[in-house]
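# Residue-level structural notes
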Amino acid sequence: MTTATIDKSAIRDAASVIVLRDRLTDPRVLMGQRGANAAFMPMKFVFPGGAVDPGDADLPMGQPIAAPCALRLAEESHVSPHALCMAAIRELWEETGQLLGQRAVWPGTPPPDWESFAERGFVPDAAPLQFVFRAITPPGRPRRFDARFFLIDAEALASEPDDFSAASEELSHLHWVPLEETRRIDLPFITEVILAEVAARVRDLDPPETVPFFRNDDEESLFLRLRGDAPLG
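Predicted model, so just to flag it, every value in this text is computed and none were measured. (Residues numbered from 1 in each chain as written. Predicted model: local features only at pLDDT ≥ 70, side-chain atom pairs only at ≥ 80, totals over all residues. Heavy atoms only, no water.)

### Observations concerning the overall build of the chain
If you tally the helices and strands in the chain, you get 4 helices and 11 strands. The globule rule puts the C-alpha radius of gyration for 233 residues at 17 Å, and the 17 Å found for the chain is close to it. The principal-axis extent of the C-alpha atoms belonging to the chain is close to 45 × 40 × 40 Å. Going through the 233 residues of the chain one by one, you find that 48% of them count as buried. In the chain, once contacts between residues fewer than 6 apart in sequence are set aside, the share between residues at least 24 apart is 69%. For the chain, the accessible surface area stands at approximately 11200 Å², while carbon and sulfur atoms represent 51% of it. In the chain, the 23 positive side-chain charges and the 37 negative ones have mean positions that sit 4 Å from each other. (Helix = DSSP H or I, 4+ residues; strand = E, 2+ residues; numbered from the N terminus. Rg over C-alpha atoms; globule rule 2.2 N^0.38 Å. Buried < 20%, exposed > 50% of the residue type's maximum accessible area, 1.4 Å probe, protein only. Contact = heavy atoms within 4.5 Å. Areas by Shrake-Rupley, 256 points an atom, 1.4 Å probe, with all protein chains shown as cover. Lys, Arg positive; Asp, Glu negative; His and termini not counted. Charge placed at Lys NZ, Arg CZ, Asp CG, Glu CD.)

### Side note on unusual backbone geometry
Across residues other than glycine, the phi torsion is negative in most instances, and most of the peptide bonds are trans. Even without being a glycine, aspartate 22 presents a positive backbone phi close to 55°. Among the structural elements, aspartate 22 can be located in the loop between β1 (11-21) and β2 (28-34). Overall, aspartate 22 belongs to the partly exposed group, its relative accessible area being 37%. Its identity as a non-glycine residue notwithstanding, histidine 173 has a phi of 55°, on the positive side. Secondary-structure assignment places histidine 173 in strand β9 (residues 171-178). Overall, the relative accessible area of 52% leaves histidine 173 in the exposed class.

### Quick look at the pairing of strand β7 (residues 130-136)
Most of β7 is tucked away: 7 of the 7 residues are buried. Relative to strand β8 (residues 144-153), β7 runs antiparallel, the two being bridged by 6 bridges. Each bridged residue has a counterpart across the sheet, and for arginine 134 the counterpart in β8 is arginine 148. (Pairing = 2+ DSSP bridges.)

### A look at the nonpolar core
Membership of the largest hydrophobic core comes to 41 residues, with the highest contact counts inside it found for Val19, Ile65, Cys85, Phe117, Leu129, Phe150 and Ile152. Within the residue set of this core, elements represented by two or more residues are β1, α1 (67-74), α2 (81-96), α3 (115-119), β6 (122-124), β7, β8 and β10 (211-216). At 9 residues, the largest contribution of residues to this core is made by α2. When sequence neighbours within four positions are dropped, the list of residues in contact with valine 19 reads Arg28, Val29, Leu30, Leu92, Ile152, Asp153, Ala154, Leu157 and Trp176. (Core = buried A, V, L, I, M, F, W, Y, C linked by side-chain atoms within 4.5 Å.)

### Digging into helix α4 (residues 189-200)
For α4, which comprises 12 residues, the first-to-last C-alpha distance of 17 Å matches the rise-based estimate of 16 Å (1.5 Å per residue) to within 8%. All of the buried residues in α4 are Ile190, Thr191, Ile194, Leu195 and Val198. Burial along α4 is one-sided: seen end-on, the buried residues are contained in an arc of 135°. Of the exposed residues in α4, those oriented more than 90 degrees away from the buried face are Phe189 and Ala200. On the buried face of α4, the contacting elements are β1, β2, β3 (45-46), β7, β8 and β10. (Expected span 1.5 Å × (residues − 1). Arc of directions from axis to C-beta.)

### Overview of the environment of isoleucine 185
Residue position: isoleucine 185 is located in the loop between β9 and α4. The exposure class of isoleucine 185 is partly exposed, given its relative accessible area of 22%. Isoleucine 185 sits 152 residues away from glutamine 33 along the chain, and the two C-alpha atoms are 9.9 Å apart. Apart from the residues within four sequence positions on either side, isoleucine 185 is in contact with Met31, Phe45 and Val177.

### So, the pattern of salt bridges
According to the stated counting rule, one finds 15 salt bridges in the structure shown. Across the salt bridge formed by arginine 148 and aspartate 13, the nearest N and O atoms sit 2.7 Å from each other. With arginine 148 in strand β8 and aspartate 13 in strand β1, the pair connects residues that are 135 residues apart, well separated along the chain. Using a relative accessible area of 1% as the deciding quantity, one classes arginine 148 as buried. Notably, a salt bridge pairs lysine 44 with aspartate 186, separated by 2.8 Å at the nearest N-O pair. (Salt bridge = Lys/Arg side-chain N within 4 Å of Asp/Glu carboxyl O.)

If you want it as structure tokens, here you go:
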């Protein structure tokens, strides 16, 4: 999508991935730095992530995300869990060169954004993803996103965790930051909040029973908990 076609005032659905390494011994998280000229959070260290594309809902997937996570993703949402997971996996691949997928031949012709992924003999696999956080960017920012954050273990990657050779140039300084040292780097406020949530349950390998949701509407800011009580659809 070109810049001219984006409604900059609209809240765009987005997905980000928090990749944890050695979480039971010496937990580290994969982060990169946005460029100085970026319209959204310039120079900040962030998790890989980005906006959902219109075609994400129709792309093939090896395994879906676990049902409890899917239910919480669907709560108060107009975009499908499938599309959000596909966006997360695509952005992880594009921005870091890290591949979350299972061995399979891509059915048909992959879209341009997925060609390099498919060429390696994989289809996306959402089963390792855990939905752990959701936040809407406050009003007044140059870009606004309704972002869902997913947690995965580095062991679930089908790529070498230290190989960033396939990454785009959107994030620089890609590296594994010790979880206890993340506060020493330049982080957005919401990223600090999410990392505190991750640190509190770093040894808990199961998905959270409820998911924090910072809902910043034009009228008010709310802190909610997504429980997955809403039906899928």
